[in-house]
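Architecture and fold: a report
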Amino acid sequence: MSAIDRPAAGQPPTATYESAFLKACRREPVPHTPVWFMRQAGRSLPEYLKVREGIAMLDSCMRPELVAEITLQPVRRHNVDAAIYYSDIVVPLKAIGIDLDIKPGVGPVVENPIRTRADLAQLRDLTPGDVWYVTEAIKLLTAELGETPLIGFAGAPFTLASYLVEGGPSKNHEHTKALMYGDPQLWADLLDRLAEITSAFLKVQIEAGASAVQLFDSWVGALAPADYRRSVMPASTKVFESVAGYGVPRIHFGVGTGELLGLIGEAGADVVGVDWRVPLDEAARRVGPGKALQGNLDPAVLFSTTEAVETKTREVLDAAAGLEGHVFNLGHGVLPSTDPDALTRLVEHVHQQTAR
């Protein structure tokens, strides 16, 4: 019996326990295939742009009432089967004092990149008090969401390390790989420190009321399988093991990870996210038994006709027909200029096509 086959020891089932989303994560029969979208809360919604007007990204992540409102917006509009907590993967780094900012059109930019052993001193432990606003926002959210699950999330150690070492987004990850290959002990210590911070951040979210958590390893597709197994997987496994006792589903997602799917499954998640490059039936073969899958409609498909969206959605659902558990999602995040109505129609279509 897996850690998510039952509530945590001594705990009664939560209001969300019988939801379609959590049932799918546990690989149990569902009334319909559950749907949620990465980046469903954010730039594609006019109501989001309105409430965020004049407020910097990181500032918006530290205002509990605003976080709750933004997280709820796509649930109200699209009727998705789960909410995902509105935040950013660099929030815990900012919370422990890393000098960084999210620059519009660029992304996270780190003032003092970490490239030497002395630089590790920047990474102190994360305490619940550092992110008090997360606890407050999740309490507000769970009171509003009722039986709709809330997904907490964090950036995986490799992706956080890539930002810290590069100093910002990177196409080639040259500084990151140079450190990983050139000083493997410093690299291992960096990822282990980040695993501790990430674990602490996820625990805060779960203890506040999150029903599931997702680890985003956005940039890990830049690695070869052997490098992932040797230099990244131990830290990701440490994160998943740290929250295993809570009894909530653990989801793992990366972009361009077709060659890594088996290893990503090995790292310890209950649900493996799949981008649009690998059909779900093939992904299931690579991941192996005992895991649910999440995905994987190409986000760009939503810019096409309703008929084309429905055709491509049917391809995803057909490929998922034999899976032990399936959560419908995009193969990456909602693109900023996506028509919100296309997302609403997609949710309704998946629910109708999969009603049991």
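Residues numbered from 1 in each chain as written. Predicted model: local features only at pLDDT ≥ 70, side-chain atom pairs only at ≥ 80, totals over all residues. Heavy atoms only, no water.

Bringing the packing of helix α6 (residues 132-145) against helix α9 (residues 184-208) into the picture now. One can describe the packing of α6 onto α9 by two numbers: an axis separation of 8 Å at closest approach and a directional angle of 35 degrees. Between α6 and α9 lies a crossing whose hand is right-handed. Contacts from V134, T135, I138, K139 and T142 of α6 reach α9 at F201, V204, Q205 and A208. Per-class residue counts for the contact of α6 with α9 are five nonpolar, three polar and one charged. (Axes fitted to C-alpha atoms, helices over the stretch in contact; angles between N-to-C directions. Helix = DSSP H or I, 4+ residues; strand = E, 2+ residues; numbered from the N terminus. Left-handed = near helix turned anticlockwise from the far one by under 90°. Contact = heavy atoms within 4.5 Å. Nonpolar A, V, L, I, M, F, W, Y, C, P; charged D, E, K, R; others polar.)

Counting across every chain of the model gives six aromatic pairs. Between Y48 and Y86, the ring centres sit 5.8 Å apart and the planes meet at 65 degrees, which makes this aromatic pair edge-to-face. Residue Y48 is found in helix α2 (residues 46-52), and its partner Y86 is found in the loop between β1 (83-84) and α5 (91-95); the two are separated by 38 residues along the sequence. Classification of Y86 as buried rests on a relative accessible area of 4%. Between F153 and F216, the aromatic rings sit 5.4 Å apart at their centres with planes inclined by 80 degrees, giving edge-to-face as the arrangement. Of this pair, F153 sits in strand β4 (residues 150-155) while F216 sits in strand β5 (residues 212-217); the two residues are 63 residues apart in sequence, bridging distant segments of the chain. Just as F153 is buried, F216 falls in that class too. Aromatic rings pair up to connect F153, F216 and F253 into one cluster. In this arrangement the basic side chain of R26 is found over the ring face of Y17, its NZ or CZ atom lying 3.7 Å from the centre. (Phe/Tyr/Trp six-rings, centres within 6.5 Å; stacked < 30°, edge-to-face > 60°. Buried < 20%, exposed > 50% of the residue type's maximum accessible area, 1.4 Å probe, protein only. Lys NZ or Arg CZ within 6 Å of the ring centre and 35° of its normal.)

Taking strand neighbours across the sheet as the criterion, the seven strands line up as β1-β4-β5-β6-β7-β8-β9 in an open arrangement whose pairing is parallel. Taken across any chain shown, the strands that pair with only one partner, and hence form the sheet edges, are β1 and β9 (326-330). Summarising the sheet, strand β7 (residues 271-273) and strand β8 (residues 292-297) pair through three bridges and their orientation is parallel. Its bridge partner being in β8, V271 is matched across the sheet by A292. (Pairing = 2+ DSSP bridges.)

The next thing to look at is the nonpolar core. Proteins that are soluble and globular tend to have nonpolar side chains buried together. Membership of the largest hydrophobic core comes to 125 residues, with the highest contact counts inside it found for F21, L123 and L190. Discounting chain neighbours no more than four positions away, the residues touching L190 are I114, L120, L123, A161, V165 and L179. (Core = buried A, V, L, I, M, F, W, Y, C linked by side-chain atoms within 4.5 Å.)

On to the pattern of salt bridges, then. Going through the model one piece at a time under the given rule, you end up with 19 salt bridges. For the salt bridge of R285 with E282, the shortest nitrogen-to-oxygen distance reads 2.7 Å. Pair noted here: R285 and E282 are both in helix α13 (residues 280-287), with a separation of three residues, about one helical turn. The exposure class of R285 is exposed, given its relative accessible area of 59%. Accessibility expressed as a relative area gives 22% for E282, which makes it partly exposed. Members of the salt-bridge network, linked through shared partners, are E18, K23, R26 and E28. (Salt bridge = Lys/Arg side-chain N within 4 Å of Asp/Glu carboxyl O.)

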